[in-house]
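Okay, here's what each chain looks like letter by letter:
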Amino acid sequence: MKLPKQLAKQLPKQGRPVDEVIAALEAKRSGDVKWSEGRAFGMVYNGGPEVHAVAERAARLYLHENALNTKAFPSLGEIQSEVVGWTAGLLNGPESTAGFLTSGGTESILCGVLAARERGHRERGITAPEMVLPESAHAAFHKAAHLFGIRVRKTPVRADWTADVDAMADSVNANTVLVVGSAPQYPQGVIDPIPDIAAVAARVGANCHVDACMGGFVLPFAELLGRQVPPWDFRVEGVHSISADVHKLGYAPKGVSVILHRDKHLRAYQTFVFDDWLGGFYASPNLQGTRSGLPMACAWAVMQHLGIDGYLRLTQATLDNADRMRAGIAAIEGIRVLGDGRYHLIAMAADPAVEPAVDVFALGDALLERGWFHDRQGPPDSLHSTVSNSNTGVIDRYLADLAECVARVRGRRADDRSTNYATLE
Ligand SMILES: *Cc1c(COP(=O)(O)O)cnc(C)c1O
């Protein structure tokens, strides 16, 4: 058969053998960040070989299954409800707490925002919805605003990087459908004053969403380990919904997060039901249609395998790693940690009191040459670390490299000033 020229350039004309295809993929990966050596501060969270083994075996079982219709795959309905139930327990949800699994933090946030908009519309007649976001709230909330036609009122953070509640109180009005706080916020890793934020939301009858994408599988265990954790979960009366990512410090592979609502009535505002289609009755819990059973089953398997004691062990290791990094950074002249984050997120910036100032982006380049990967962020210019169990055993090596790199880049400025948390192509 003669193929059109355009097509001939794309797929191989004849399919390739399995081993050859896999070898080609392996070769492609050679330039990717070496997370398995513990040198990435974020993006991949390594719970250890056993956690990977249980996830990989669950993945094999559920690689092909489809959670679109849990009448066909009742096991996936159970898996969803069990993972949601365990997470609600960790986050001190009342008996009534209800939720769904989603593909990640962004989708959980989109669902929380959509539920708030729908509730505002149906219960308060709001047609020009607004939400109040501290400038530290994750970019996914702005994506939600863009997709769902919601006006954002962005408020500043205080000197300690937590949300300025007075500014938030000044920004709510009769059109406010949602007020957001984070536990912790991503950039500097501090926990917003959730009870105060919930009170601001309550004043106008808006939802309060807590973004615990990062903290959801850390803070409950940090608290059990005796760390001071300010109130942030469903024990705060005015919290309506919480997002928590199993695919971050829950140590499941990518593609799974939990969105929780205080009760089923609130949850109903995020679902879509349609009964006027030739294809039949259609209902979906989140933004997806066909949805892979793989990440859901992996989350179930990893959570069962770890149990409370496993998460306590991984959280202890994570917090030890982060504490040692904070102490190490404080001991190096020219750099400092921004804010008083006490958990697993660290923003490292130049110490303005030291001349010549360290350009942390040049520092990031120097660290990357030695294989250490940080996200670059700002304002202000800083290097972000999501510390986890992945980094266990490499902290001394890292701090030694960090001290050497700071000395080397002093007075040097990187040409590349880009801060890529995420990219397009
Ligand atoms: C990671 C993160 C998100 C977004 O989650 P994705 O899984 O990347 O979509 C939202 N909020 C916070 C605080 C996060 O750390």
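Residues numbered from 1 in each chain as written. Predicted model: local features only at pLDDT ≥ 70, side-chain atom pairs only at ≥ 80, totals over all residues. Heavy atoms only, no water.

Draft legend 1. Representation of the sheet that holds strand β5 (residues 207-211) within the structure. A sheet is described by the order of its strands in space; here seven strands give the open sequence β1-β7-β6-β5-β4-β2-β3, paired in mixed fashion. Each having just a single partner strand, β1 (98-102) and β3 (151-155) make up the two edges of the open sheet. The mean inter-strand angle of the sheet, taken between neighbouring strand axes irrespective of direction, is 20 degrees. Pairing analysis gives five bridges linking strand β4 (residues 176-182) to β5, with the strands arranged parallel. In the strand pairing of β5, S182 is matched with D211. Packing of helix α8 (residues 194-204) onto the sheet brings it into contact with β4 and β5, and relative to β4 it is tilted by some 180 degrees. (Pairing = 2+ DSSP bridges. Helix = DSSP H or I, 4+ residues; strand = E, 2+ residues; numbered from the N terminus. Axes fitted to C-alpha atoms, helices over the stretch in contact; angles between N-to-C directions. Contact = heavy atoms within 4.5 Å.)

Draft legend 2. Representation of unusual backbone geometry. A cis amide bond, omega 0 degrees, links G378 with the succeeding residue P379. P380 follows P379 through a cis peptide bond whose omega is -10 degrees. Non-glycine residue M43 carries a positive phi angle of around 75 degrees. With respect to the helices and strands, the residue M43 is situated in the loop between α2 (18-28) and α3 (49-62). You can call M43 partly exposed: its relative accessible area is 40%. Notably, N92 is not glycine yet its phi reads approximately 55 degrees, a positive angle. Along the polypeptide, N92 turns up in the loop between α4 (74-90) and β1. (Buried < 20%, exposed > 50% of the residue type's maximum accessible area, 1.4 Å probe, protein only.)

Draft legend 3. Highlighting the domain arrangement of the protein chain. For the protein chain, the assigned domains are domain 1 (56-305) and domain 2 (308-409). Averaged C-alpha coordinates put domain 1 and domain 2 at centres separated by 28 Å. With 28 residues of domain 1 at the interface, the matching set in domain 2 holds 26 residues. Summed over both sides, the interface of domain 1 with domain 2 buries roughly 2,300 Å², with 66% coming from carbon and sulfur. On the domain 1 side of the contact with domain 2, Y186, R227 and Y251 bury the most area, a combined 27% of that side's loss. The interface formed by domain 1 and domain 2 holds one salt bridge in total. Seen at the junction of domain 1 and domain 2, the total is 10 residue pairs in polar contact (both at pLDDT 80 or more). It is helix α9 (residues 219-224) that provides the largest number of residues to the side of domain 1 that touches domain 2, a total of four residues. Here the residues of the side of domain 1 that touches domain 2 are counted per class, giving 21 nonpolar, six polar and one charged. (Domains from an automatic or database assignment. Buried area = accessible area lost by both parts, 1.4 Å probe. Salt bridge = Lys/Arg side-chain N within 4 Å of Asp/Glu carboxyl O. Polar contact = N/O pair within 3.5 Å; in protein donor to acceptor, adjacent residues only side chain to side chain. Nonpolar A, V, L, I, M, F, W, Y, C, P; charged D, E, K, R; others polar.)

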